[in-house]
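The primary structure of each chain is shown beneath.
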Amino acid sequence: MMQGLLTAIKAELFVALRSRATQMICVIPAVVAMLQLLITSSISAGNQAREAVTASGGGFGGGFGSAAQVEGADAWGALVDSLGTGLALISLIMVAYAAWSFASDRDLGVARHLLIRRVSRPALVLSKLVMAHLLALISIVLLLLLTRLTASLLWDFGPVVEDGYELIGVAEIQSELRLGLILALIPIPAGIAMGVLLSVVAGSTTQALSAALGLTLGLDLFKSVLGSAADYLYVSYQVSLLDESYLNDVARLVRGYSDVMIDPAVLQLNQWVPWPQMLLFIALALWLVRRKTL
């Protein structure tokens, strides 16, 4: 079993290192997040220029003053927003990749070739899981490094201050951001495991991709309808289009909002709910692949 798993992982690495599509999977979320930071910085600079002209009396009503501004909120807010965008893309891309992985090999006959080389079916499924998690890890590291570097070149990061009063300090912001990132990363393995399960169950690659993306987006759209039952689904804690993750709350906290309500019980569920679901998906995939016709 272990020898077969190592053989399958080596095959996955061999293909991944030579696949431009696999490289793009790792790079796209970071590039999109960096572009978001650049666009946000450009818009912010334009707004500040207009406010400066108005404050200096360059336009009608210029001598009447302006509302107080919250310093530091734009920088931290833009950083958290870009990280949320990148993580949302990573979640969707990795679910799609996981759903494509096994189904594609089965359709192309690659899976049969690996089985001939004494790679067991469970080992083949586990190799897909390992490869998907490795790609997700690379993508996340690139996202964190490139967004932080880009943001540091565009803004000076400091405490959030309004009228000389510090609303939230740098240490507290960094602590909340760290917690938000950890909680946002926890559901990703469950999504990958679900994608691999659907890849095993589906009859074709197209069916696997459609089912994985449809189920992920569908649960995201309807989780508000489920009420408190949604707290027991891993997708509720995943950064998504209709974001209800803790990272979304962090985006408001770093902007100085004081009305953010945080439920410790929900944060606890965020830490524990995705893991048993991930294990269930993996167990079902390993059980079903033994009975699937390849």
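Note that the coordinates shown come from a computational prediction; the quantities given were computed from them, not determined experimentally.

1. A short note on the pattern of salt bridges
Inference 1: Applying the stated rule across the entire model yields five salt bridges.
Inference 2: Taking the shortest distance from any N to any O, the salt bridge between Arg255 and Asp81 comes out at 2.5 Å. With Arg255 in the loop between helix H9 (246–253) and helix H10 (264–272) and Asp81 in helix H3 (residues 73–108), this residue pair connects regions lying 174 residues apart in the sequence.
Inference 3: Under the relative-accessibility criterion, Arg255 is labelled partly exposed at 29%.
Inference 4: Two residues, Asp105 and Lys128, come together in a salt bridge whose shortest N-O distance is 2.2 Å. On the criterion of sequence distance, the pair formed by Asp105 in helix H3 and Lys128 in helix H5 (residues 121–154) is long-range, its members being 23 residues apart.
Inference 5: On the accessibility criterion, Asp105 (11% relative accessible area) is buried.
Inference 6: Salt bridges sharing common partners tie together Glu12, Asp105 and Lys128.

2. Side note on the layout of surface pockets
Inference 1: Here the largest pocket is characterised by a volume of approximately 420 Å³.
Inference 2: Lining the largest pocket are 21 residues, and of these Glu12, Val15, Thr22, Tyr97 and Trp100 lie nearest its centre.
Inference 3: Elements with a contribution of two residues or more to the lining of the largest pocket: helix H1 (2–17), helix H2 (20–55), H3 and helix H4 (110–116).
Inference 4: The element that contributes the greatest number of residues to the lining of the largest pocket is H3, accounting for eight residues.

3. With respect to the packing of aromatic side chains
Inference 1: Taken as a whole, this structure holds three aromatic pairs when the rule is applied.
Inference 2: Between the aromatic rings of Trp76 and Phe157, the centroid separation amounts to 4.7 Å while the plane-to-plane angle is 70°, which identifies the pairing as edge-to-face. One end of the pair, Trp76, is in helix H3; the other, Phe157, is in the loop between H5 and strand E2 (160–162), with 81 residues separating them in the sequence.
Inference 3: The exposure class of Phe157 is partly exposed, given its relative accessible area of 21%.
Inference 4: Ring centres 6.2 Å apart and planes at 80° place the aromatic pair Tyr234 and Phe281 in the edge-to-face group. With Tyr234 in the loop between helix H8 (205–222) and H9 and Phe281 in helix H11 (residues 274–289), this residue pair connects regions lying 47 residues apart in the sequence.
Inference 5: For Tyr234, a relative accessible area of 3% puts it in the buried group.

4. Overview of the nonpolar core
Inference 1: In terms of nonpolar packing, the biggest core is built from 76 residues, with Leu87, Met94, Leu177, Ile192 and Leu247 touching the most fellow members.
Inference 2: With 17 residues, the top contributor of residues to this core is H3.
Inference 3: Once you skip the residues sitting within four places of it in the chain, Leu87 turns out to touch Leu143, Leu181, Ala184, Leu185, Val239 and Leu247.

5. Observations regarding the side chain of Ser41
Inference 1: Looking at where Ser41 falls in the secondary structure, it is placed in helix H2.
Inference 2: Note on Ser41: relative accessible area 16%, which makes it buried.
Inference 3: If near-sequence neighbours (up to four positions away) are discounted, Ser41 is found in contact with Leu154 and Trp155.

6. Details of H8
Inference 1: The end-to-end C-alpha distance of H8, which contains 18 residues, comes to 25 Å, matching closely the 26 Å that a straight helix rising 1.5 Å per residue would cover.
Inference 2: Those residues of H8 that fall on the buried side of the exposure criterion are Thr205, Ala208, Ala212, Thr216 and Asp220. Along the axis of H8, the buried positions cluster into a sector of 80°, meaning they face one direction only. Summarising the geometry of H8, the exposed residues directed more than 90 degrees from the buried face are Thr206, Leu221 and Phe222.

7. Considerations on the confidence of the model for the chain
Inference 1: The share of residues in the chain with pLDDT of 70 or more is 92%, and the mean pLDDT across the chain is 87.
Inference 2: Segment residues 59–68: pLDDT under 50, and five contacts once partners within four positions in sequence are set aside and those in other chains are kept.

8. Digging into the packing of H5 against H11
Inference 1: As a packed pair, H5 and H11 sit with axes 8 Å apart at the nearest point and diverge in direction by 145°. Along this stretch, H5 crosses H11, giving a crossing that reads as right-handed. Residue-level contacts link Arg121, Pro122, Val125, Leu126 and Leu129 of H5 to Ile282, Ala285, Leu286 and Val289 of H11.
Inference 2: Residues of the contact of H5 with H11, tallied by class, amount to eight nonpolar, no polar and one charged.

Thresholds applied
- Residues numbered from 1 in each chain as written.
- Predicted model: local features only at pLDDT ≥ 70, side-chain atom pairs only at ≥ 80, totals over all residues.
- Heavy atoms only, no water.
- Salt bridge = Lys/Arg side-chain N within 4 Å of Asp/Glu carboxyl O.
- Helix = DSSP H or I, 4+ residues; strand = E, 2+ residues; numbered from the N terminus.
- Buried < 20%, exposed > 50% of the residue type's maximum accessible area, 1.4 Å probe, protein only.
- 1 Å grid on protein atoms, 1.4 Å probe; cavity = no way out; pocket = protein on both sides within 12 Å on 5 of 7 lines; lining within 4 Å.
- Points joined across faces, edges and corners; volume = space filled by probe spheres on them.
- Phe/Tyr/Trp six-rings, centres within 6.5 Å; stacked < 30°, edge-to-face > 60°.
- Core = buried A, V, L, I, M, F, W, Y, C linked by side-chain atoms within 4.5 Å.
- Contact = heavy atoms within 4.5 Å.
- Expected span 1.5 Å × (residues − 1).
- Arc of directions from axis to C-beta.
- pLDDT = per-residue confidence, 0-100.
- Axes fitted to C-alpha atoms, helices over the stretch in contact; angles between N-to-C directions.
- Left-handed = near helix turned anticlockwise from the far one by under 90°.
- Nonpolar A, V, L, I, M, F, W, Y, C, P; charged D, E, K, R; others polar.

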